[in-house]
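Chain by chain, the residues run as shown.
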Amino acid sequence: MGKCNDILMVSPLFNALVDSRENATKKQLIGKDFFVTIQPGDVDPLVSYRGQVPADWLDYNGHMNVAYYMHVFCHGTDGFLEFSGANQEYRAQTGCSTFVVENHVNYMRELHKGAKMRVETRLLGFDRKKLSYHHALFHDTEGYLAATSEWISVHVDLKRRQSCPMPDFLMDNLGKILELQKERPLPLNIGRSIMSWG
């Protein structure tokens, strides 16, 4: 959450991070400053990022380097979290943020210099301490799907550096998004794992 470069990529010791202690003060925040009005048109689809491929993102193969696909998805994560109400003001007032604990990328088609990009984000599920979501990266003018990425993030107390519950208003905002997106077809590549040679 926050600026892309500030997202901490944590090794997947997921269960070790998700501790059972509750933080009553943060859980009972009123959240009036973070309430967001969410309409169906805002999330169908939920466009979390738009951009254009600059020349310095290209590699020796003449297309956007794999590292910048992750960079784009990182911006999509920021956009999605800010839309949900977990923005800079939220971090400042609550002392909480999110840490990414796992993600997977599938590369479908190339993107070249000058290509306009669009990321659409689908919330897959959440509970008090974690959420999962899916990004789809499209060529914004030609319309084709270039890549997908599935993410899991944990809500964290930045002082204690441990997981903590999300406040009710953030749960409510996520619930609205999930409800409004539930009729959309499930996105491509959910639950995919890397190929095993057995």
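Our subject is the structure listed above.
Please read these numbers as outputs of a predicted model, since none were measured by experiment.

A.B. asks: Hey, could you run me through helix α6 (residues 168-181) in this one?
C.D. replies: Structurally, the α-helix is built with 3.6 residues per turn, so residues lying three or four positions apart point the same way. In this model α6 runs 20 Å from its N-terminal to its C-terminal C-alpha over 14 residues, within 8% of the 20 Å that 1.5 Å per residue would give. For α6, the full list of buried residues reads Phe 169, Leu 170, Met 171, Asn 173, Leu 174, Ile 177 and Gln 181.

A.B. asks: Looking at this structure, how should I read the packing of aromatic side chains?
C.D. replies: Where two aromatic rings form a pair, the distance of their centres and the angle of their planes describe that pair. Evaluated as defined, the whole model comprises five aromatic pairs. A ring pair is formed by Tyr 69 and Tyr 107, whose centres lie 5.1 Å apart and whose planes are at 90°; its orientation type is edge-to-face. Here Tyr 69 is found in helix α4 (residues 66-84), whereas its partner Tyr 107 is found in strand β2 (residues 96-107), with 38 residues between them in sequence. Ring centres of Tyr 90 and Phe 169 lie 5.9 Å apart, and the angle between their planes is 75°; on these two criteria the pair is classed as edge-to-face. Residue Tyr 90 is found in helix α5 (residues 88-94), and its partner Phe 169 is found in helix α6; the two are separated by 79 residues along the sequence. Summarising the burial analysis for this pair, Tyr 90 and Phe 169 share the class buried. Here the guanidinium or amino end of Arg 109 rests over the ring plane of Tyr 144, the centre of that ring lying 3.8 Å away.

A.B. asks: Any chance you could explain the pattern of salt bridges here in plain terms?
C.D. replies: Where side chains of opposite charge bring their charged atoms close, a pairing between them can arise. Tallying each qualifying case throughout the model produces eight salt bridges. In this structure, the salt-bridge partner of Arg 50 is Asp 140, at a minimum N-O distance of 2.6 Å. Remark: Asp 140 occurs in the loop between β4 (130-139) and β5 (145-157) and Arg 50 occurs in strand β1 (residues 46-52); sequence separation between them is 90 residues. Residue Asp 140 is classed as partly exposed on the basis of its relative accessible area of 25%. Through salt bridges that share partners, Asp 44, Arg 50, Arg 118, Glu 120, Asp 140 and Arg 184 make up one connected network.

Reading the values: rules and limits
Residues numbered from 1 in each chain as written. Predicted model: local features only at pLDDT ≥ 70, side-chain atom pairs only at ≥ 80, totals over all residues. Heavy atoms only, no water. Helix = DSSP H or I, 4+ residues; strand = E, 2+ residues; numbered from the N terminus. Expected span 1.5 Å × (residues − 1). Buried < 20%, exposed > 50% of the residue type's maximum accessible area, 1.4 Å probe, protein only. Phe/Tyr/Trp six-rings, centres within 6.5 Å; stacked < 30°, edge-to-face > 60°. Lys NZ or Arg CZ within 6 Å of the ring centre and 35° of its normal. Salt bridge = Lys/Arg side-chain N within 4 Å of Asp/Glu carboxyl O.

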